[in-house]
Amino acid sequence: MHRTQPLRLAIAALAFCLISGAVAPASAQYFGRNKVQYRTFDFQVLKTEHFDIYFYPSEKTGVEIAARMAERWRVRLEQLLQHELSGRQPLILYGSHVDFEQTNVIGGEIGEGTGGVTEGVRRRIVLPLAGPLAETDHVIGHELVHAFQYDIMKPPDSGPGENGAERLPLWFIEGMAEYLSIGPVDPNTAMWLRDAARQEKLPTIKDLDNPKFFPYRWGQALWAYIGGRWGDDVIPSMLTVASRRGIEEAFQQVLGEPTKQVSADWQASIQETYAPILASAKAGETGKRVVQSKDLGADLNVGPAISPDGRWIAFLST
């Protein structure tokens, strides 16, 4: 393995968490405009029991694996969300992120950090087959949750692309997709929770509307608490009620408690979980600050990798 590979994978994992997810229906109206396209893709279609999977010949081996992943996710989510997707589900796969950035399914430019997209007009899922298989499986699951969300929240007799997803906050939509695709326990999310508990800066549910609270991680954490306390069976009802009547009504009607009370209980649960860890070790005793932003004039330093002899640390910095 090339020594720089762990760095690349760490950066890719972080980048996926930053930007991937659902796209508002309006963004899909400007197909291919002002987008640089380096090559023409000879797309073929692999039809499984429930999916139409678009791919080109160089992806042949990978697409067969992705097809099994997609069908497996559909079964899981259909049972959990108590809903059967209407019609066949489109899944458009690219062999690399560079190829993915040239797609004309999604309007506008696609950043290097976008791990996958689900658009709301035709409920198409688009993603690159890149990185470890586990991460590809995660992205397919995450994006398929969005497809279910769109389908569940689509009002009867509504037009193309109309659904209630755009009325719900990101922590609700993206947090649910993360929770259902990676589960309740995630080391990255645990890091955010532990640090906020240490600084006594845990957010309330109302605070999650503020972009400074990363919706993927905090949303996943809240859904993990809800699932652990009330059971995952409440998720379909929460989704339906929230899209029609709002977040507050969903908490009160489905969970039987207002958001303010759930917030307090959630914060207490986090404090209780991490109190033993925080009491046993302080940051200054367990680690040494190596570099800080003011030393580099940078705001973001990610993907650290230690050299084989342990003397150097390489990382990507803005």
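Novice: What exactly am I supposed to notice about the overall build of the chain here?
Specialist: Secondary structure summary: the chain contains 12 helices and eight strands in total. Buried residues in the chain amount to 46% of all 318 residues. A separation of at least 24 residues holds for 70% of the contacts in the chain among residues at least 6 apart in sequence. For the chain, the accessible surface area stands at approximately 17000 Å², while carbon and sulfur atoms represent 53% of it.

Novice: Help me understand the packing of aromatic side chains in this model?
Specialist: One pair of aromatic rings is described through two measures. These are the centre distance and the angle between the planes. Following the criterion strictly, the structure yields 14 aromatic pairs and no others. Residues Phe 43 and Tyr 56 carry aromatic rings whose centres are separated by 5.6 Å and whose planes lie at 85° to one another, so their mutual orientation is edge-to-face. A residue pair is termed long-range when its members are at least 10 positions apart, and Phe 43 in the loop between strand E1 (21–23) and strand E2 (44–47) and Tyr 56 in the loop between strand E3 (51–55) and helix H2 (60–81) qualify at 13 residues. You can call Phe 43 partly exposed: its relative accessible area is 31%. Aromatic pair Tyr 94 and Phe 100: ring centres 6.3 Å apart, planes at 55°, arrangement tilted. On the basis of relative accessibility, which here comes to 3%, the residue Tyr 94 falls in the buried class. Against the face of Trp 73 rests Arg 76, its NZ or CZ located 4.5 Å from the ring centre.

Novice: It is not clear to me how the environment of Glu 101 should be interpreted in this structure. Could you clarify?
Specialist: For Glu 101, the location among the structural elements is in the loop between helix H3 (97–100) and strand E5 (117–119). Along the primary structure Glu 101 and Glu 112 are separated by 11 residues, whereas in three dimensions their C-alpha atoms are 7.8 Å apart.

Novice: Help me understand the side chain of Asp 151 in this model?
Specialist: Note on placement: Asp 151 falls in helix H4 (residues 133–153). Separated by 3.0 Å, the side chains of Asp 151 and Arg 123 make a polar contact. In this view, Asp 151 contacts His 83, Glu 84, Leu 85, Ser 86 and Arg 123; residues no more than four positions away in its chain are not counted.

Novice: In this structure, what is going on with the pairing of strand E8 (residues 313–317)? I would like to understand it.
Specialist: Consecutive side chains along a regular strand alternate between the two faces of the sheet. As defined by bridge partners, strand E7 (residues 301–306) adjoins E8 across four bridges and the pair is classed as antiparallel. When the sheet's bridge partners are listed, Val 302 is paired in E8 with Leu 316. Following E7, the chain reverses through six residues before pairing antiparallel with E8; Gly 310 in that reversal takes a positive phi of roughly 80°.

Rules behind the numbers
- Throughout, a residue's number is its position along its own chain's written sequence, starting from 1.
- Two thresholds apply to this predicted model, a pLDDT of at least 70 for residue-level local features and 80 or more for giving and counting side-chain atom pairs, whereas whole-chain, interface and lining totals are computed over all residues.
- Based on all heavy atoms of the structure, the side-chain values leave hydrogens and waters out of the count.
- Helix and strand assignments follow DSSP, with helices taken as H or I runs no shorter than four residues and strands as E runs no shorter than two, numbered in order from the N terminus.
- Burial here depends on accessible area, computed with a 1.4 Å probe over protein chains only, as a share of the maximum for the residue type. Under 20% is buried, over 50% is exposed, and the range in between is partly exposed.
- Throughout, a contact is declared for two residues whenever any of their heavy atoms are within 4.5 Å.
- Under the convention used here, a 1.4 Å probe and the Shrake-Rupley method define accessible areas, while residue burial counts only the protein chains that appear.
- Side-chain rings of Phe, Tyr and Trp (the six-membered ring for Trp) are treated as a pair once their centres are within 6.5 Å; stacked means planes under 30 degrees apart, edge-to-face means over 60, and tilted covers the remaining angles.
- Whether a charge sits over a ring comes down to the Lys NZ or Arg CZ being within 6 Å of the ring centre and within 35 degrees of the ring normal.
- Two N or O atoms form a polar contact when they lie within 3.5 Å of each other; inside protein one atom must be a possible hydrogen donor and the other a possible acceptor, and for residues adjacent in sequence the pair counts only when both atoms belong to side chains.
- Strand pairing is assigned whenever DSSP identifies at least 2 bridges connecting the two strands.

Purely geometric numbers; function is a separate question.
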